[in-house]
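Report on the structure
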Amino acid sequence: MEMVNIKINGIAVSVPKGSTILEAARQTGIEIPTLCYMKDINEIGACRICIVEVNEGRGFRMVTSCVYPVSEGMEVLTNTEKIQKHRKTTLELILSTHDKSCLSCKRSTNCELQKLCHDYGVDQTSFEGEKPVYEMDLSTAHLVRDNNKCILCRRCVAACKQQYVSVIGANDRGMDTSIGQPFDLPLNSTPCISCGQCTAVCPTGALTERDDTDKVWAAIADPEKYVVVQTAPSIRATLGECFDMPIGTNVEGKMVAGLRRLGFDKVFDTDFAADLTIVEEASELVDRIKNGGVLPMITSCSPGWVKFCEFYYPDLLPHLSSCKSPQQMAGAVIKTYYAEKMGIDPKNIVSVSVMPCTAKKFEIGREEQSAAGVPDVDIALTTRELARMFSRLGINFAALPEEEFDNPLGDDTGAAVIFGATGGVMEAAVRTANAWLNGATEPIELEAVRGTKGLKEATVDLNGTELKVAVASGAAAAKVVMDMLKAGNPKGWGFIEIMGCPGGCVNGGGQPIQPQYVRDTVDLKAVRAKSLYDQDKSMTLRMSHESPVIKKLYDEWYDGFGGHKAHHDLHTSYTPRKKYNF
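Bear in mind that the values here come from a model prediction, so they are computed numbers and not experimental data.

Thoughts on the overall build of the protein
- A tally of regular secondary structure across the protein gives 19 helices and 17 strands.
- Computed over the C-alpha atoms, the radius of gyration of the protein is 25 Å, within 12% of the 25 Å expected from 2.2 N^0.38 for a compact globule of 582 residues.
- Residues counted as buried form 59% of the 582 residues belonging to the protein.
- In the protein, of all internal contacts separated by at least 6 residues, the share reaching a separation of at least 24 is 74%.

Below, the structure is given as structure tokens:
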């Protein structure tokens, strides 16, 4: 690799040729502040916060470090008095049109603009003038846009484009510029897939998940309601970040303890429903193979992916498994099997989920998600919302003891745990298929489908029959897969896993927000996923069909695999959607 010799703040360093000044500074332990920059995604030099002074033999001048390449002999100054004054002026200009209601903002203390203003001593602006006022977009079930807090960094636009969807962008010009939808349509009139990736990268409170915590507080306070909660596989690997724990810390036991202290009547694990999903999908796949059903079959656990297919590939909907997602299966079992066992009217059960995904808020309102005649799940919270509930109640999360989920819907297998990572659903399914068809007693380690790559493939030997499988994460990778299916499935895939978010649920739109410099320098997807794979490896039961809860459920309630009752409770259907509602 060709290296370039430069000086940063008087210190000689060698960095790879082609590096930007920002990248070179990071390699030397210097963090230049940014607001618009996202590595490889949004490198536009728009916010001007990353300005530095550069001398290339003609005297020092100001450049934006995020897009300016290094050159041999370059001298860089990153924090002179001139630079600090420039950044402070830029921050004041941003604040001149910014809604500064920081005390009540969800992003307070975790806002990149707020931190920079604190660092540079900016608490007011010298620039007063016209200040545009925008109505909040409250049209969707999953998201709230408040353009009064938008700084036009365009990170959300880049994230949406990365997801192939591109339903948001810059409208108008100059002082009238705002981020919105084509023709100023409300967001629910566009083919937004509810993935929430825009909320994860917004540096301020302009884009946030819709907060449903007040609904949960009201339910817990109602003596007539029996309030249960379920938590998705990935939450245990991410929730700790909201309380300053290292990325990837597994906080399962503390999370359960905290949920009990919030006042839930029962704390269940969505993992049991992940195991349930595997055996249902396996039964469906075998049925399709034996009876000439549509192949390849594609998983349906990710509501963002399902919505993407309904909008962009409606003609390929028959490829989707009809299985509900683990969230919805858990809700269905709680309001049917569990309700009857406990003698509780399903109408009096409030079923709450804690999910990594903002699209889950949309999913709970889908049709055919009511096994007991009432919604399977009533309220879907994100990881961030749960953290705020703990904080409101004054729970010292780090000091909580380790507690276990409630039975019978708290037991799981390692196969269920890895659902939170891209490739986890496929590996879990292959483990059970390998056991059923090859008589394997040890779980297969399907390394080929692990990792954060957008598209992965593998070939599995199932009792002499080769099954070619594919795993895609992120809507852009999903598009590649679907275009190949439209072209005739030239690779001969028989089973496909697709997740709507890059890296799977560990990188869902409802996960803890990390500053952009962390997202640029740490592979969050890989670190969080490792926590799940580590837990899987430590567990006694690692194949879904081994779960005693699943065995008991089918013996007592569903009368064996593939039965009519299981199909009624645990399966759904899909609807082609119009891309725009004019």
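Some thoughts on the pattern of salt bridges
- A complete count under the given rule lists 43 salt bridges for this structure.
- For R155, the salt bridge goes to E112, with nearest N and O atoms at 2.8 Å. You can see R155 sitting in helix α4 (residues 155–162) and its partner E112 sitting in helix α3 (residues 112–119), a full 43 residues away along the chain. The pair R155 / E112 is uniform in exposure class, with both members buried.

Comments concerning the packing of helix α8 (residues 271–291) against helix α18 (residues 548–558)
- Two elements in contact, α8 and α18, have axes separated by 9 Å at closest approach and are oriented at 60 degrees. It follows that α8 is oblique to α18 by the angle criterion. The way α8 lies across α18 gives a crossing that is right-handed. In contact with F272, D275, L276, V279 and E280 of α8, α18 contributes V549, I550, L553 and Y554.

Points about the side chain of T299
- The topology assignment puts T299 in the loop between β12 (297–298) and α9 (303–312).
- Reaching out from T299, the side chain makes a polar contact with the backbone nitrogen of I498 at a distance of 3.2 Å.

So, the packing of aromatic side chains
- Tallied over the full model, the rule gives 13 aromatic pairs.
- The structure contains a cluster of three or more aromatic residues connected by ring pairs, namely Y164, W305, F308, F311, Y312 and Y313.
- In this structure, K307 packs its charged tip against the face of F362, placed 3.9 Å from the ring centre.

Brief notes about helix α12 (residues 383–392)
- Within α12, seven of the 10 residues are buried, leaving the element largely enclosed by the surrounding structure.
- Buried residues of α12: T383, R384, E385, L386, A387, M389 and F390, and no others.

Describing the sheet that holds β12
- Strand order in this open sheet of four strands is β12-β17-β16-β15, and the pairing throughout is mixed. If you trace the sheet from one side to the other, it starts and ends with β12 and β15 (455–462), each paired once.
- Where β15 lies against strand β16 (residues 465–473), eight bridges are found, and the strand directions are antiparallel. Counterpart to L462 in the pairing with β16 is T465.

Brief notes about the side chain of R155
- Judged by its relative accessible area of 0%, R155 falls in the buried class.
- In this structure the side chain of R155 is engaged in a polar contact, spanning 2.8 Å, whose partner is the backbone oxygen of L35.
- Setting aside residues up to four positions removed in sequence, R155 forms contacts with T34, L35, C36, Y37, M38, N42, E112, V201, C202, P203 and Q516.

A closer look at the sheet that holds strand β13 (residues 349–355)
- Reading across the sheet, the four strands line up as β11-β10-β13-β14 and stay open at both edges, with parallel pairing between neighbours. Either end of the sheet is taken by a strand with one partner, and the two such strands are β11 (266–269) and β14 (379–382). Within the sheet, the average angular offset between the axes of one strand and its neighbour, ignoring direction, is 25 degrees.
- The sheet contact formed by strand β10 (residues 226–231) and β13 spans six bridges and is parallel. The partner of V227 across the bridge, within β13, is V350.
- Packed on one face of the sheet, α12 meets β13 and β14 and runs near 85 degrees to β14.

Calculation criteria
Residues numbered from 1 in each chain as written. Predicted model: local features only at pLDDT ≥ 70, side-chain atom pairs only at ≥ 80, totals over all residues. Heavy atoms only, no water. Helix = DSSP H or I, 4+ residues; strand = E, 2+ residues; numbered from the N terminus. Rg over C-alpha atoms; globule rule 2.2 N^0.38 Å. Buried < 20%, exposed > 50% of the residue type's maximum accessible area, 1.4 Å probe, protein only. Contact = heavy atoms within 4.5 Å. Salt bridge = Lys/Arg side-chain N within 4 Å of Asp/Glu carboxyl O. Axes fitted to C-alpha atoms, helices over the stretch in contact; angles between N-to-C directions. Parallel < 35°, antiparallel > 145°, perpendicular 65-115°, else oblique. Left-handed = near helix turned anticlockwise from the far one by under 90°. Polar contact = N/O pair within 3.5 Å; in protein donor to acceptor, adjacent residues only side chain to side chain. Phe/Tyr/Trp six-rings, centres within 6.5 Å; stacked < 30°, edge-to-face > 60°. Lys NZ or Arg CZ within 6 Å of the ring centre and 35° of its normal. Pairing = 2+ DSSP bridges.

So far we have only geometry, and geometry alone does not tell us how the molecule works.
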